[in-house]
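# Survey of secondary and tertiary structure
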Amino acid sequence: MGEAHHVTQAVHNDATEIRGARAVFLGPPGAGKGTQAQRLAADAAGLAHLSTGDMLRAAVKAGTPLGQEAKGYMDAGKLVPDEVIIGLVQERIGGGGERTTRLESWILDGFPRTLPQAEALDKSLGDECLTRVVAFTIQPEVLVKRLSGRRTCANCGHIHHIEFHPPKADGSCRSCGHAELLHRSDDQPEAIRKRLQVYEEQTAPLLDYYRGTGVLKELDADRAPEAVYQELLQVMK
Ligand code: AMP
């Protein structure tokens, strides 16, 4: 039986089979969307990981007008206005105007987060609808612990957790060895509570929006990252 199990896993563990994906990762903050998307994009050739949170944090760091506008919302755990984020995503995946070229294969991590965002995404995709929406499901109690222990590499963005996926012994990044790991300003208790509330009120309703489309798959995210990843490979096929 052990062997049969092993064979099954070997057959299913192939990220290279994922081609032409237009996928959305949906789920509350701390569910592991970013961690899983990072790994999948590294394993599957040509698959772009598009995190709207990462895009906004880069804009904040660079001090662009977008970053200056977004920072206050982000630090408070609120969503930035739809029109701001919709334009940003359309720019990245194409379809926002004639001058943009379309990306072939991508995962959207952290977008859409509201009904108007989901509708705008559908509209800009036109006939090329989404191939998959993966809903990461998890008990809210787990999320606070996950988020408050999260540390992100300032250089490569690798996501750590001080307890579950710690940095190297000298405190540096497990992936690139960079010394500086960041504790996100919105991974503090008050902003975490607000973000979870915002998720319930504004983002969770998207589950119903996608339920009727046939592309939605739910994934139990309350497990070790490896177990989640193996199932993710299956549902992305
Ligand atoms: P994340 O890294 O996905 O947790 O996003 C961090 C923060 O960026 C969120 O709490 C929001 O303030 C902002 N943000 C990211 N994506 C969106 C989105 N799709 N709509 C509105 N705000 C967003």
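Everything discussed here concerns the structure shown above.
About the thresholds
Residues numbered from 1 in each chain as written. Predicted model: local features only at pLDDT ≥ 70, side-chain atom pairs only at ≥ 80, totals over all residues. Heavy atoms only, no water. Helix = DSSP H or I, 4+ residues; strand = E, 2+ residues; numbered from the N terminus. Rg over C-alpha atoms; globule rule 2.2 N^0.38 Å. Buried < 20%, exposed > 50% of the residue type's maximum accessible area, 1.4 Å probe, protein only. Contact = heavy atoms within 4.5 Å. Areas by Shrake-Rupley, 256 points an atom, 1.4 Å probe, with all protein chains shown as cover. Lys, Arg positive; Asp, Glu negative; His and termini not counted. Charge placed at Lys NZ, Arg CZ, Asp CG, Glu CD. Axes fitted to C-alpha atoms, helices over the stretch in contact; angles between N-to-C directions. Parallel < 35°, antiparallel > 145°, perpendicular 65-115°, else oblique. Left-handed = near helix turned anticlockwise from the far one by under 90°. Nonpolar A, V, L, I, M, F, W, Y, C, P; charged D, E, K, R; others polar. Expected span 1.5 Å × (residues − 1). Disulfide = S-S within 2.5 Å.

## What to know about the overall build of the protein chain
- In terms of regular secondary structure, the protein chain is built from 10 helices and eight strands.
- Its C-alpha atoms give the protein chain a radius of gyration of 18 Å, near enough to 18 Å, the size a compact globule of 237 residues would have.
- Taking the principal axes of the C-alpha coordinates as reference, the protein chain spans close to 55 × 50 × 30 Å.
- Counting all 237 residues of the protein chain, 44% fall into the buried class.
- Considering only contacts within the protein chain whose residues lie at least 6 apart along the sequence, 69% involve residues at least 24 apart.
- When the accessible surface of the protein chain is summed, it comes to about 12400 Å², and 52% of that surface belongs to carbon and sulfur atoms.
- Across the protein chain, 28 positive and 32 negative side-chain charges occur, with their mean positions spaced 3 Å apart.

## Considerations on the packing of helix H7 (residues 140-148) against helix H8 (residues 189-203)
- The geometry of H7 relative to H8 is characterised by a closest axis approach of 10 Å and an angle of 135° between their N-to-C directions. Viewed along their axes, H7 and H8 adopt a mutual orientation that is oblique. When the axes of H7 and H8 are compared, the crossing they make is right-handed. On H8, the residues that touch Leu143, Val144, Leu147 and Ser148 of H7 are Ile192, Arg195 and Leu196.
- Residues belonging to the contact of H7 with H8 are distributed by class as follows: five nonpolar, one polar and one charged.

## Details of helix H5 (residues 82-93)
- Its 12 residues give H5 an end-to-end C-alpha distance of 16 Å, which sits within 8% of 16 Å, the value for a rise of 1.5 Å per residue.
- On its buried side, H5 packs onto strand E2 (48-51), helix H3 (52-62), helix H4 (65-75), strand E3 (106-109) and helix H6 (115-125).

## A look at the state of the cysteines
- With the rule as written, the count across this model stands at zero disulfides.
- No disulfide involves Cys173; its sulfur sits 3.7 Å from the nearest other cysteine sulfur, which is in Cys153.
- Overall, Cys173 belongs to the buried group, its relative accessible area being 0%.

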